[in-house]
Amino acid sequence: MARTEIKIGGFGGQGVILSGYIIGRAASIYDNKYATMIQAFGPEARGSACSAQVIVDEEPIAYPYITRPTMMVLMSQEAYTRFSPELAPGGLLITEEELVSVRTTGQDVRHLSIPATRIAEELGKKMVVNIVMMGYFGAVARVTSKEALRKAVEVSVPKGTQELNLKAFDRGWEYVPA
Amino acid sequence: MNADPKGVLTGAHFIDGDHACCEGAIAAGCRFVAGYPITPSTEVVERIAERFPYVGGVFIQMEDEIASSIAIQGAVWAGKKAMTVTSGPGFSLMMEHIGLAAMTETPCVFVNVQRAGPSTGLPTQPAQGDMMQVRWGSHGDYQIIAVVPNSPQECFDFTIKAFNLSEQYRVPAFVMMDECVGHMTERVVIPPAEQIDIVPRRWFKGTPDAYEPYRADADLVPSMVKAGDGFNIHVTGLTHDEHGYPNMSVAAQDKLVHRLREKITRNVESIVEYREDQIEGADVVVVTYGITSRTALPAIARARRDGLKVGHLRLVVVWPFPEQRIRELASRVRAFVVPELNLGQIVLEVERCAAGKVPVRLVGHTGGTVHQPDDIYQAIITSGKGR
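Conventions and cut-offs
Residues numbered from 1 in each chain as written. Chains lettered and ligands numbered in written order. Predicted model: local features only at pLDDT ≥ 70, side-chain atom pairs only at ≥ 80, totals over all residues. Heavy atoms only, no water. Helix = DSSP H or I, 4+ residues; strand = E, 2+ residues; numbered from the N terminus. Buried < 20%, exposed > 50% of the residue type's maximum accessible area, 1.4 Å probe, protein only. Areas by Shrake-Rupley, 256 points an atom, 1.4 Å probe, with all protein chains shown as cover. Lys, Arg positive; Asp, Glu negative; His and termini not counted. Charge placed at Lys NZ, Arg CZ, Asp CG, Glu CD. Contact = heavy atoms within 4.5 Å. Domains from an automatic or database assignment. Buried area = accessible area lost by both parts, 1.4 Å probe. Salt bridge = Lys/Arg side-chain N within 4 Å of Asp/Glu carboxyl O. Nonpolar A, V, L, I, M, F, W, Y, C, P; charged D, E, K, R; others polar. Polar contact = N/O pair within 3.5 Å; in protein donor to acceptor, adjacent residues only side chain to side chain. Pairing = 2+ DSSP bridges. Axes fitted to C-alpha atoms, helices over the stretch in contact; angles between N-to-C directions. Phe/Tyr/Trp six-rings, centres within 6.5 Å; stacked < 30°, edge-to-face > 60°. Lys NZ or Arg CZ within 6 Å of the ring centre and 35° of its normal.

Peer 1: Please give an account of the overall build of chain A that cites residues and values.
Peer 2: Across its full length, chain A carries 6 helices and 6 strands. Listed by position from the N terminus, the elements making up chain A come as β-α-β-β-β-α-β-β-α-α-α-α. Once the C-alpha set of chain A is aligned to its principal axes, its extents read approximately 40 × 40 × 35 Å. Expressed as a percentage of the 178 residues in chain A, the buried residues total 56%. Carbon together with sulfur atoms contributes 51% to the accessible area of chain A, which is approximately 7,600 Å² in total. Across chain A, 19 positive and 19 negative side-chain charges occur, with their mean positions spaced 3 Å apart.

As structure tokens, then:
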């Protein structure tokens, strides 16, 4: 796969940065590809529309920022409003079904959504919503192998929460839209 | 000698440049850090504070950057390898003590994660605006060594390099990162301790009665002792003779300041480091350092696809500047292009060495982000068409 530019968006506290970190770690440590992650800093990372950007490539990455993301994972309405216009034509847009209301704008994108918050609540902890999203993203986008992404989840989440997070990941991976 | 395995986190990590810098310092043997947190360098000292208890290091969060930059020098004279970490506004406060470290030949490392200035500027955004300040910021004639990484991996590698050069030449050494490199997360491979070369302090081998604190060895660098080990030492910012005592004579000043300069200028060839790509036969040479060495790559590749002969000279050590190499190239190439995240600093050095033989084109940028490769491409094309 050639250079893939991914943007993760949501509000601060949803695990946006961790999600970007997990993709990058999966690609660069467990899949032997190259990955560069850059996260939003400043006030936006602590409340409003927060984002992380990840580039995954088979070749070393020269230019470190994303220019035209081809994949987006968005977990809040504000992030959707702010970031979705940047998505490249034909790009992949994954949203949290109940937190983002997607307008039909005629934008040429492949849109998929998942009720990740509901799934996370079923698992007993709303906090793992980002990991459900990561599982679904992984299955749909195939930027990394499943093993690499799952391993990156396991080693990146707080100790004692691995089992719950891996369940969340698997639920996301297996999710089939109704 | 090899790194102390206790401090080396061997393996592949996905960490940012700030954290990698911290690991580089620990691997290099740094066991004292004093700092005053400032964006975008804070993550370096955060990690130091977390890691030091496990490796026997001491971290002090000081009252300000002035105190930080002198606390590390006390620690060095007590025998530790030491570092401080800051960004532009803090770096400005440290200038007097950088001069003191140069004058007293105190080996220590300053990390500056550059953000856009002047003044408090853009705290969370990159720039390369402190490249002349690091060379000339303190008063008087002195020399320093500065390395500039372009990735988290290099933040690890070059922090070790800075410590080693600092110890070898007894000068303050600088790791000139920028916000982009500091906050960028990538794979960082930390080798086993036995594969990391560490330059130990130049301890004096003789007896106390034979010791003169500033009697230089053949390479113009004197050996050190640890305060409290029974040797006579005197550390002063005043002009001093071999004994370390103030000596206000013109002769002492002339001898000391010349040696402080020449211990670097005479060893330039062993200190400078640069990476070259397709320099042979190049018409245009792009001179880069730090993050611009990456943002220039798509521009260079595109210009080559257009048929232009473009070379890339990437500075790893920016100070001392590789004057000799730029002079040689100036008589062979048609133009230099120098992109930097400031409005013209290192380009002045390139111009000085090119000495009017060929045009030198700056691609300036006030910071806040990195260059668009297209801007660098346009400069290469314009320079290639010139003459």
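Peer 1: So what's going on with helix α5 (residues 95–104) of chain B? Which residues, and what values?
Peer 2: Residue and element names in this part refer to chain B. Here α5 lies mainly inside the structure; 8 of its 10 residues are buried. All of the buried residues along α5 are M95, H97, I98, G99, A101, A102, M103 and T104. Among the structural elements, α3 (65–77), α4 (88–93), β5 (108–116), α6 (133–136), β8 (172–178) and α9 (250–265) are those in contact with the buried residues of α5. E105 lies just past α5 and shows a positive phi near 55°.

Peer 1: Explain the environment of A:E122 residue by residue, including any values.
Peer 2: Residues and elements named next belong to chain A. Along the chain, E122 turns up in helix α3 (residues 116–122). By relative accessible area, which is 53% here, E122 ends up exposed. In the structure, E122 is positioned 28 residues away from I94 in sequence and 21 Å away in space, judged by C-alpha atoms.

Peer 1: Tell me about the side chain of A:S19, residues and numbers included.
Peer 2: Structurally, A:S19 can be placed in helix α1 (residues 16–30). With near-sequence residues (within four places) excluded, A:S19 lies in contact with A:I8, A:M75, A:N130 and A:M134.

Peer 1: I'd like a rundown of the domain arrangement of chain B, residues and numbers included.
Peer 2: All names here are of chain B. If you check the domain split of chain B, you get domain 1 (5–195) and domain 2 (274–385). Each of domain 1 and domain 2 has a C-alpha centre, and the two are 27 Å apart. Counting from both sides, the interface comprises 28 residues of domain 1 and, opposite them, 26 residues of domain 2. In this assembly, domain 1 packs against domain 2 so that about 2,000 Å² is buried in total across both faces, 58% of it on carbon and sulfur atoms. Contact with domain 2 buries area across many residues of domain 1, yet Q128, M132 and N150 alone supply 32% of it, more than any other trio. Between domain 1 and domain 2 we count 3 salt bridges in total. When the shortest N-O distance is used, the salt bridge between R275 and E154 registers 3.7 Å. When contributions to the side of domain 1 that touches domain 2 are tallied by element, the ones reaching two or more residues are β6 (122–126), α6, β7 (145–147), α7 (152–169), α8 (179–183) and β9 (184–190). Of the residues that constitute the side of domain 1 that touches domain 2, the class distribution is 17 nonpolar, 5 polar and 6 charged.

Peer 1: An account of the interface of chain A and chain B is requested, with residue identities and associated values reported.
Peer 2: With 19 residues of chain A at the interface, the matching set in chain B holds 23 residues. Across the contact surface, chain A and chain B share 0 salt bridges. Put simply, chain A and chain B have 7 residue pairs in polar contact (both at pLDDT 80 or more) between them. At the level of secondary structure, the elements contributing two or more residues to the side of chain A that touches chain B comprise α1 and β2 (34–39) of chain A. Of the residues contributing to the side of chain A that touches chain B, the split by class is 12 nonpolar, 5 polar and 2 charged.

Peer 1: I'd love a proper account of the sheet that holds strand β6 (residues 109–114) of chain A, names of residues and values included.
Peer 2: A sheet is described by the order of its strands in space; here 8 strands give the open sequence β6(A)-β5(A)-β4(A)-β1(A)-β3(A)-β2(A)-β9(B)-β1(B), paired in mixed fashion. Where the open sheet ends on each side, the last strands, each with one partner, are β6 of chain A together with β1 (11–16) of chain B. Across the sheet, the mean angle from the axis of one strand to that of its neighbour is 20°, orientation sign disregarded. Sheet analysis places strand β1 (residues 4–11) of chain A next to strand β4 (residues 71–74) of chain A, joined by 4 bridges and oriented parallel. Across the sheet, the residue bridging to A:K7 is A:M72, located in β4(A).

Peer 1: Account for the packing of aromatic side chains, naming residues and giving values.
Peer 2: On inspection of all chains with the given rule, the structure shows 10 aromatic pairs over all chains. The interplanar angle of 70° and the centroid separation of 6.3 Å between the aromatic rings of A:Y63 and A:Y65 together place this pair among those described as edge-to-face. The two residues A:Y63 and A:Y65 agree in class, both being buried. An angle of 50° between the planes, with centres 6.4 Å apart, marks the rings of B:W319 and B:F321 as tilted. A single burial state applies to B:W319 and to B:F321, both of which are buried. In this structure an aromatic cluster arises from ring pairing among B:F91, B:F110 and B:F174. Note that B:R135 overlies the ring of B:W136, its terminal NZ or CZ placed 3.9 Å from the centroid. For B:R302, the ring lying beneath its charged end belongs to B:Y377, and the centroid distance is 3.6 Å.

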